[in-house]
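# Structure assessment
Read off the chains here:
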Amino acid sequence: MPYITIESGALSDEQKEQLIARLTEVSSEIMKVPKEFFVTTIKELPDKNFGIGGKTIDRVKAEYKKAINKAI
């Protein structure tokens with residue numbers, strides 16, 4: 001039974017449904033395994049619990065928003 005797991009920041013219910021549906025569809029097609037055999041889980045992590053480039057995601061997002069606002 002194939003198992004798909006995604007770790008991400010907070011997602012809306014609609015985003016979760018789309019991810020599960022699309023990941024299952026594509027994986028089923030590529031692997032030639034019926035969709036009914038796939039299990040998918042989504043692990044949501046707070047932005048302060050992971051980082052990129054030595055900064056927490058919440059800080060990266062804040063800096064990005066600040067840069068965008070300056071550009072406008």
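Fair warning: this is a prediction, and the values are worked out from it, not measured in the lab. (Residues numbered from 1 in each chain as written. Predicted model: local features only at pLDDT ≥ 70, side-chain atom pairs only at ≥ 80, totals over all residues. Heavy atoms only, no water.)

## Things to note about the environment of leucine 19
- With respect to the element layout, leucine 19 can be found in helix H1 (residues 13-31).
- Leucine 19 sits 39 residues away from aspartate 58 along the chain, and the two C-alpha atoms are 22 Å apart.
- Non-local contacts of leucine 19, meaning those with residues more than four positions away in its chain, are made with Leu11, Thr24 and Ile42. (Helix = DSSP H or I, 4+ residues; strand = E, 2+ residues; numbered from the N terminus. Contact = heavy atoms within 4.5 Å.)

## Quick look at the pairing of strand E1 (residues 3-8)
- Direction of pairing for E1 relative to strand E2 (residues 39-44): parallel, over a ladder of six bridges. Across the sheet, isoleucine 6 pairs through a bridge with isoleucine 42, a residue of E2.
- With H1 bridging E1 and its parallel neighbour E2, the resulting β-α-β unit is right-handed. (Pairing = 2+ DSSP bridges. Right-handed = clockwise from strand over helix to strand, strands pointing away.)

## Some words on unusual backbone geometry
- Phi is positive for lysine 32, which is not a glycine, with a value near 60°.
- Turning to its location among the elements, lysine 32 is positioned in the loop between H1 and E2.

## Quick word on the environment of lysine 65
- In this structure, lysine 65 sits in helix H2 (residues 57-71).
- For lysine 65, a relative accessible area of 56% corresponds to the exposed category.
- Note: C-alpha distance between lysine 65 and proline 2 (63 residues apart in sequence) is 38 Å. (Buried < 20%, exposed > 50% of the residue type's maximum accessible area, 1.4 Å probe, protein only.)

## A word on the pattern of salt bridges
- Scanning the entire structure with this criterion turns up four salt bridges.
- Here glutamate 44 and lysine 16 are joined by a salt bridge, their closest N and O atoms 2.8 Å apart. In this pair, glutamate 44 sits in strand E2 while lysine 16 sits in helix H1, placing the two residues 28 residues apart along the sequence.
- Taking the relative accessible area as the measure of exposure, glutamate 44 reaches 35% and is therefore partly exposed.
- Residue glutamate 63 is joined to lysine 55 by a salt bridge in which the shortest nitrogen-to-oxygen separation is 2.8 Å.
- A residue is classified by how much of its surface remains accessible, and glutamate 63, at 36% relative accessible area, is partly exposed. (Salt bridge = Lys/Arg side-chain N within 4 Å of Asp/Glu carboxyl O.)

## Quick word on the confidence of the model for the protein chain
- Put simply, the protein chain has an average pLDDT of 94, and 100% of its residues get 70 or more.
- By mean pLDDT, strand E3 (residues 51-52) is the weakest element of the protein chain at 90, and H1 is the strongest at 98. (pLDDT = per-residue confidence, 0-100.)

## As for a nonpolar patch on the surface
- Residues Val26, Ile30 and Met31 make up a contiguous nonpolar surface patch of about 310 Å² in total accessible area.
- Structurally, isoleucine 30 can be placed in helix H1. (Patch = residues over 30% accessible without salt bridge, like charges linked within 9 Å, V, L, I, M, F, W, Y side chains within 5 Å. Areas by Shrake-Rupley, 256 points an atom, 1.4 Å probe, with all protein chains shown as cover.)

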